[in-house]
Structure formats: C-alpha cells, structure tokens
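Okay, here's what each chain looks like letter by letter:
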Amino acid sequence: MSKYTTRSIKKASKLKGLNLAITMVDLTTLEGKDTPGKVASLCQKALHPHDDPHVPPVAAVCVYPSMVKHAKQHVGGTGVKIASVATAFPSGQAPLTTRLAEVRSAVADGADEIDMVINRGAFLAGEFQEVQDEIAAVVEACGASRLKVILEVSELETYDSIRAASFLAMEVIRPGDFIKTSTGKTSLNATLGNNQVMIEAIRDFYLDTGVAIGMKPAGGIRSAKQALQFLIAVKETLGDAWLTNERYRFGASSLLNDLLRQVEKERTGAYQAPYYFSEAAESY
C-alpha cells in the first residue's frame, strides 16, 4: 500500500482533509468502567471537538447498549448519531436469541446505528449460510437503524477470507449499511492492506449490483497522517461519492485529538502539546 503513503497533501487541501476525517470519526468508549458521566463527557466532545467553531462535530458516539439512553440525553436530535455495539461484542459468542435481544434493546433505547460482530467460528467452519442468516436476522432487528457488520479481520487470517466475508455480508445488508474491519479488541486491527481489500470488494459489489455499501476501518488508526492515507485510498478506489460519513467512518477515538492537533497546526503554524486537547475515550 506504499502508493498511498507517499502522497503529499498541502495547505488548504490538507485542512479540508483533516476536517473531513473529523466528521467521519465514531467517538467511542467501550470499557467495563463506563459511567453516565463519562458518556456525557464523550457526547460533549463529539458535539464540540475543539473551541474553534470552524471544527465540525464527529459522525457518532459509540457506546455499549446500556449507555445508549444516556447518550441520547446529550446528542439525541443533534445530527451526531448514537451507535451501539451489540450481538455479544466483541466475541459474538452468545445464543442468537440473546444477540438479537441486545440489538432490539439498543434500538428501543435510541441507537441510530448498530455495530454487530459476525459469527467467525461459523465462517471459518464453512457454514456460510448460517453466517448470512444471522446477519439477516440482525438487519431485521435493527429496523430503521443502520447496521455495521464487523468482520474481525485478524481472525479471518487471509485477504481471500476477508474478501469472501465482505461479499457474504454485503449480499444480505441494505444500501447505506456498512462493513467494518475490527472490534479493536484483538492484536491486529485496521491496516491499509485489509482496508484496501474491503473497499475493492465494495467497489466490485457496487459495479455488479448498483448497491452502495459503507466502510469503517476500526482500531489502530491513531494519527492524522494515517487517516489521510486511508482517505486517499478511498478516493482512488471508490471515488468522491464515498468521501462522506454516510459511506465512510473511522472507529478510532484517539485519532480525534491528533486530527485536532494538525488542524491547529495548519491554522496557527505551531503544534500544540497533546495535553492541550481533552481526552474523552480510548481508541477502538
């Protein structure tokens, strides 16, 4: 993927790219010690990432199902979406009835988007119909809420498997739904390589069916430089129609502060210390 890492973006184009990346962040907290107060802080940062009024809000806040109702108190109706991980995230190791109940509960509490994990064990065992049937059941449980299907690429092991799982998911989700690299809870998460496999699958699926599917790389994207490289890959593979948070997201909350730091550098000519920006959540 070196062709994307050697691009140089300067001045106004760089600032535009940084702000675009900010609008694509799903600002996330997924910890056992999450509290309503922490979620409130997360929501405030999502709405107002920086004291510069020219800096846009992020795409969504992403929380566990039990925290959806608290997030709704702060960002409901604002344009910042409420996303919730579900289906026994991150392992997916629970009975389907339990996983579907979790989805329905999150939606009932106000989740605009659901991030589900596929049954990797079934996929690796070649039980592809089972995997598709489960995704289809989650689509139904989502109702009008958007679905993001997490492949957990590190457990699929090969690019061929990642591509196959991408198509398997895209065949049963809806236009405007997403496929997503990772939970962020394994040793290997989003890379330019697995992102490329998935966006090429999205491109090929779109050319074959006319159905536009979104993409979300998650975990391991911590610098503005990386984010811009991912956006270059999207532009050159899928085109400008995917350069919107309706079709592309970053699941990488620690990325936000570096994006803000780079925006400040473009605006003032000087870098601010990392502690200048508030910490709202851990990356995933």
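Residues numbered from 1 in each chain as written. Predicted model: local features only at pLDDT ≥ 70, side-chain atom pairs only at ≥ 80, totals over all residues. Heavy atoms only, no water.

Participant: When you look at the side chain of D258 in this model, what are you seeing that I'm missing?
Facilitator: Assignment of secondary structure puts D258 in helix 12 (residues 253-268). For the buried D258, which has no salt bridge, the nearest side chain bearing the opposite charge is R261, at an N-O separation of 4.2 Å. Among the polar contacts made by the side chain of D258, one reaches the main-chain amide nitrogen of A224 at a distance of 2.7 Å. Residues within four places of D258 in sequence aside, it is in contact with R222, S223 and A224. (Helix = DSSP H or I, 4+ residues; strand = E, 2+ residues; numbered from the N terminus. Buried < 20%, exposed > 50% of the residue type's maximum accessible area, 1.4 Å probe, protein only. Lys, Arg positive; Asp, Glu negative; His and termini not counted. Salt bridge = Lys/Arg side-chain N within 4 Å of Asp/Glu carboxyl O. Polar contact = N/O pair within 3.5 Å; in protein donor to acceptor, adjacent residues only side chain to side chain. Contact = heavy atoms within 4.5 Å.)

Participant: I tried to follow the packing of helix 2 (residues 11-23) against helix 11 (residues 224-237) on my own but got confused; where do I start?
Facilitator: Angle between the axes and distance between the axes are the two parameters that describe a pair of packed helices. Interaxial distance between helix 2 and helix 11 falls to 10 Å at its minimum, and their mutual angle equals 90°. With respect to helix 11, the axis of helix 2 lies roughly perpendicular. Residues K14, G17, L18, L20 and A21 of helix 2 pack against A224, A227, L228 and L231 of helix 11. (Axes fitted to C-alpha atoms, helices over the stretch in contact; angles between N-to-C directions. Parallel < 35°, antiparallel > 145°, perpendicular 65-115°, else oblique.)

Participant: Help me understand helix 3 (residues 36-47), please; the structure alone is not making it clear to me.
Facilitator: Residues spaced three or four apart along an α-helix face the same direction, because each turn holds 3.6 residues. Under the 1.5 Å per step criterion, the end-to-end length of helix 3 is 17 Å for 12 residues, consistent within 8% with the ideal 16 Å. Buried within helix 3 are the following residues: V39, A40, L42, C43, K45, A46 and L47. Of the surrounding elements, those touching the buried residues of helix 3 are strand 1 (26-28), strand 2 (60-63), helix 4 (68-75) and helix 12. (Expected span 1.5 Å × (residues − 1).)

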